[in-house]
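# Commentary on secondary and tertiary structure
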Amino acid sequence: MIKVKTVKLDTDSLTETNWCENDFYRIFYAVLTAGIPAFERYVIKAVRDMRDDPSLDNDPRLRELADIFVQQEIAHTRAHMPVNKQLNLDNFFMGKWGEKISRFIAKLTSKKTSLAGSAFLEFVGFGFFEDHIRKDVLDASGFHEEMQKLWKWHLSEELEHSFIKLKVLNHINNSYWYKFWGMLEGLICVQFFITVLIPEIVWRDAKANNKKFWPHLWMFLKGLGDTDWGVNGESMRRYFSKDFDPELKEAWVQDHIDKWIAESGAQTK
């Protein structure tokens, strides 16, 4: 069974300019870090709203996994918030409005659609984690030790629980309808959780590192074009499949979970 873990960080050793040497990945992970609290609140609500669905009464393990997922996501938010404050990533005008708009969109749809939307983002986004593992991003991009610990712990838990929401959804209602509209909701909401932050974060990063904004933005956008987001024919087929079991994973996934948990010093609660 998946366990909830926590990591201890020395946030005082982090500054806006020392936490990652690579310009692209510094901005990339700044955008993720800044957007995580709002995104985590979205997925937590989506799972909480469905964990008491009567359809789960005949599979208490799924309900237990849903509870563990929520606890892990709460732990992620609590770990990222002091880091965001230390790195001046906790106060973005567009981020606040983006979250409000995303909440409004989620209120217009059913709870099952929001569960499908959050499942789509994390399950299909599994390819993003695989891409960064393949490129050895966390070890080869000049990350500060504390940020390495934070992201190795966080991503190891994402690898651990990436199947849970899709498995719960498949058990409650494995229909193409919910998955299709959930996919649209997820894609729309992630634009407000993440994309709206890019100009402001690039501007702040350029200012902190004595860079010019437009070349800095162009560098970042080119980097995004080279990023594998995991949205491809195979991942989409698996997302919409009525037979695919998302809990089945290749051996390398568990190997990286074990390796990163050890390197981050994360402890089971």
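Since we're looking at a predicted model, the values are computed, not measured.

### Let's talk about the pattern of salt bridges
For the structure on display, the rule yields 24 salt bridges. Ionic contacts of the salt-bridge type, sharing partners, join the residues Asp-23, Arg-26, Asp-205 and Lys-211 into one network.

### Description of the nonpolar core
Counting 86 residues, the largest nonpolar core has Trp-19, Tyr-29, Phe-143, Met-147, Trp-151 and Tyr-239 as the members making the most contacts within it. Top element by residues in this core is helix H1 (residues 23-50). It accounts for 17 residues. Not counting residues within four places of it along the chain, the set of residues in contact with Trp-151 comprises Tyr-29, Leu-32, Thr-33, Ile-36, His-80, Leu-138 and Ser-156.

### A closer look at the packing of aromatic side chains
Across all of its chains, the model carries 20 aromatic pairs by this definition. Aromatic pair Tyr-29 and Trp-151: ring centres 4.9 Å apart, planes at 75 degrees, arrangement edge-to-face. Linking Tyr-29 in helix H1 with Trp-151 in helix H7 (residues 145-161), this pair joins segments that are 122 residues apart in sequence. Overall, the relative accessible area of 0% leaves Tyr-29 in the buried class. Pairing Tyr-42 with Phe-193 gives two aromatic rings, centres 5.5 Å apart and planes at 50 degrees, and the pair type is tilted. In this pair, Tyr-42 is assigned in helix H1 and Phe-193 in helix H9 (residues 176-193), connecting sequence segments 151 residues apart.

### Comments concerning a nonpolar patch on the surface
Together, Phe-93, Met-94, Trp-97 and Ile-101 make up a nonpolar patch on the protein surface, roughly 410 Å² of accessible area in all. By the secondary structure assignment, Ile-101 is in helix H3 (residues 93-108). Given the relative accessible area of 34%, Ile-101 is considered partly exposed.

### As for H7
In this model, H7 (17 residues) spans 24 Å end to end at C-alpha, consistent with the 24 Å of a helix rising 1.5 Å per residue. With 16 of 17 residues buried, H7 is to be regarded as a mostly interior element.

### Thoughts on unusual backbone geometry
Positive phi outside glycine occurs at Asn-88, with the angle close to 60 degrees. With respect to the helices and strands, Asn-88 occurs in the loop between helix H2 (60-86) and H3. Positive phi, normally seen in glycine, also occurs at Asp-136, with a value near 55 degrees. Mapped onto the elements, Asp-136 comes out in the loop between helix H5 (126-134) and helix H6 (137-140).

### Points about the packing of H1 against H2
For the pair H1 and H2, the least separation of the axes is 9 Å and the interaxial angle reads 160 degrees. One way to sum up the angle between H1 and H2 is to call them roughly antiparallel. The two elements H1 and H2 meet at a crossing, and its hand is left-handed. Of the residues in H2, those in contact with Thr-33, Ala-34, Ile-36, Pro-37, Glu-40, Val-43, Ile-44, Val-47 and Arg-48 of H1 are Ala-66, Phe-69, Val-70, Glu-73, Ile-74, His-76, Thr-77, His-80, Met-81, Val-83 and Asn-84. In the contact of H1 with H2, the residues fall into 12 nonpolar, 5 polar and 3 charged.

Basis of the calculations
- Residues numbered from 1 in each chain as written.
- Predicted model: local features only at pLDDT ≥ 70, side-chain atom pairs only at ≥ 80, totals over all residues.
- Heavy atoms only, no water.
- Salt bridge = Lys/Arg side-chain N within 4 Å of Asp/Glu carboxyl O.
- Core = buried A, V, L, I, M, F, W, Y, C linked by side-chain atoms within 4.5 Å.
- Buried < 20%, exposed > 50% of the residue type's maximum accessible area, 1.4 Å probe, protein only.
- Helix = DSSP H or I, 4+ residues; strand = E, 2+ residues; numbered from the N terminus.
- Contact = heavy atoms within 4.5 Å.
- Phe/Tyr/Trp six-rings, centres within 6.5 Å; stacked < 30°, edge-to-face > 60°.
- Patch = residues over 30% accessible without salt bridge, like charges linked within 9 Å, V, L, I, M, F, W, Y side chains within 5 Å.
- Areas by Shrake-Rupley, 256 points an atom, 1.4 Å probe, with all protein chains shown as cover.
- Expected span 1.5 Å × (residues − 1).
- Axes fitted to C-alpha atoms, helices over the stretch in contact; angles between N-to-C directions.
- Parallel < 35°, antiparallel > 145°, perpendicular 65-115°, else oblique.
- Left-handed = near helix turned anticlockwise from the far one by under 90°.
- Nonpolar A, V, L, I, M, F, W, Y, C, P; charged D, E, K, R; others polar.

The values are spatial; any link to function lies outside them.
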